[in-house]
Amino acid sequence: MSADERSTGSTGESAVMRTLPGVEFDHDDSVRVNESLMTGCPGIFAGGDMVPGERTVTAGVGHGKKAAHHIDAWLRRTSAARPAKHPIATFERLHLWYFDDADRRVQPELPAEQRTAGFDEVVGGLSSQAATFEAGRCLSCGNCFECDGCLGACPEDAIVKLGAGHGYRYDYDKCTGCAECFEQCPVHAIEMFPEPT
Ligand SMILES: Cc1cc2nc3c(=O)[nH]c(=O)nc-3n(C[C@H](O)[C@H](O)[C@H](O)COP(=O)(O)OP(=O)(O)OC[C@H]3O[C@@H](n4cnc5c(N)ncnc54)[C@H](O)[C@@H]3O)c2cc1C
Ligand code: SF4
Ligand code: SF4
């Protein structure tokens, strides 16, 4: 399936953008942006359905995060350096025992005998509790989600927790390279490298 076939969104409301100097548009009324999501008008950023590309919630949310980094960098007069991509954490490298089963039905369904009695939705939307549960099932492949597993597994106290959202620091003076942290990490967020000679 192509990105165009998957797209369900529509172009944004462009009237305001048309009043801004330097903003350019594509034939379908979407706004042209550079790799930083900045339009031709310095300091004006755009993303989501407003720009060319896949018009889905996932793309829109991703653009929001990316634009926030670039807006912050633009305001600070620096550049938003992207961290190097880590190797792909393949399925067989994940420890799925760590995660909840996903066999619960979380969307309410209308009983079969009531379905012909009206036009009520047959499959209802997610409650906030169910939506939180679904989001919590993300496997975070290759990305640390701060489960503290490595922190507890390290026999040398070589891992230092830096506080919620700040990850961990490895004290290589204490680390013996035993690989306990690497082997138990549920999402393969730790790589082992040979020590430089
Ligand atoms: C019927 C339909 C079904 C869809 N189904 C799916 C789906 O199942 N899965 C999926 O991934 N995507 C789906 N999409 C696409 C998805 O909804 C969009 O890609 C996504 O909402 C885009 O997010 P956005 O923030 O770019 O734009 P929007 O969600 O449109 O948000 C833009 C906001 O800006 C506001 N705004 C506009 N102009 C101005 C202005 N001048 N001043 C102030 N505010 C303004 C608008 O009111 C709106 O709140 C669907 C879209 C439609 C139309
Ligand atoms: S590196 Fe792995 S084991 Fe350590 S906290 Fe992150 S996800 Fe958990
Ligand atoms: S390799 Fe062993 S000693 Fe080093 S941080 Fe991991 S668990 Fe601790």
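Residues numbered from 1 in each chain as written. Chains lettered and ligands numbered in written order. Predicted model: local features only at pLDDT ≥ 70, side-chain atom pairs only at ≥ 80, totals over all residues. Heavy atoms only, no water.

**Section: the site of ligand 2**
- Taken together, 13 residues lie near ligand 2, and Cys144, Cys147, Cys150, Gln184 and Cys185 sit nearest.
- For the shell around ligand 2, the class distribution of residues is 9 nonpolar, 2 polar and 2 charged. (Near = heavy atom within 4 Å. Nonpolar A, V, L, I, M, F, W, Y, C, P; charged D, E, K, R; others polar.)

**A closer look at the packing of aromatic side chains**
- On inspection of all chains with the given rule, the structure shows 5 aromatic pairs.
- Consider the rings of Trp97 and Tyr98, whose centres lie 6.0 Å apart with planes at 65 degrees: the pair is edge-to-face.
- The class of Trp97 is exposed, set by a relative accessible area of 62%.
- Geometrically, the ring pair formed by Tyr170 and Tyr172 is stacked, given 6.3 Å between the ring centres and 20 degrees between the ring planes.
- Of the residues examined, Tyr172 reaches a relative accessible area of 63% and is grouped as exposed.
- A connected cluster of aromatic rings, assembled from ring pairs, spans Trp97, Tyr98, Phe99 and Phe145. (Phe/Tyr/Trp six-rings, centres within 6.5 Å; stacked < 30°, edge-to-face > 60°. Buried < 20%, exposed > 50% of the residue type's maximum accessible area, 1.4 Å probe, protein only.)

**Points about the layout of surface pockets**
- Counted as a void, the largest pocket has a volume near 670 Å³.
- Around the largest pocket, the lining comprises 14 residues; the ones closest to its centre are Lys65, His69, Arg82, Pro83 and Lys85.
- Looking at the lining of the largest pocket residue by residue, the classes come out as 5 nonpolar, 5 polar and 4 charged.
- In this model, the second largest pocket occupies a volume close to 540 Å³.
- Lining of the second largest pocket is provided by 19 residues; of these, Tyr172, Cys175, Glu191, Met192 and Phe193 occupy positions nearest its centre.
- When the residues that make up the lining of the second largest pocket are grouped by side-chain class, the tally is 15 nonpolar, 2 polar and 2 charged. (1 Å grid on protein atoms, 1.4 Å probe; cavity = no way out; pocket = protein on both sides within 12 Å on 5 of 7 lines; lining within 4 Å. Points joined across faces, edges and corners; volume = space filled by probe spheres on them.)

**Overview of the pattern of salt bridges**
- Inspection of the entire model under this criterion finds 8 salt bridges.
- For Glu24, the salt bridge is made with Arg32, and the minimal N-O distance between the two is 3.2 Å.
- Across the pair Arg32 and Asp26 runs a salt bridge whose closest N-O atoms are separated by 2.6 Å.
- Three or more residues joined by partner-sharing salt bridges are found here, namely Glu24, Asp26 and Arg32. (Salt bridge = Lys/Arg side-chain N within 4 Å of Asp/Glu carboxyl O.)

**Focus on the nonpolar core**
- Counting 10 residues, the largest nonpolar core consists of Phe99, Cys150, Cys154, Ala158, Ile159, Tyr168, Cys181, Cys185, Val187 and Ile190.
- Leave out the neighbours within four places in its chain, and Phe99 touches Cys138, Leu139, Phe145, Pro186 and Val187.
- Listed in part, the 8 residues of the second largest apolar core include Val23, Phe25, Ala46 and Val51. (Core = buried A, V, L, I, M, F, W, Y, C linked by side-chain atoms within 4.5 Å. Contact = heavy atoms within 4.5 Å.)

**Quick word on the confidence of the model for the chain**
- Per-residue confidence for the chain gives a mean pLDDT of 89, with 92% of residues at or over 70.
- Overall, residues 1–7 carries pLDDT values under 50, and its contacts beyond four positions in sequence, including any with other chains, amount to 7 contacts. (pLDDT = per-residue confidence, 0-100.)

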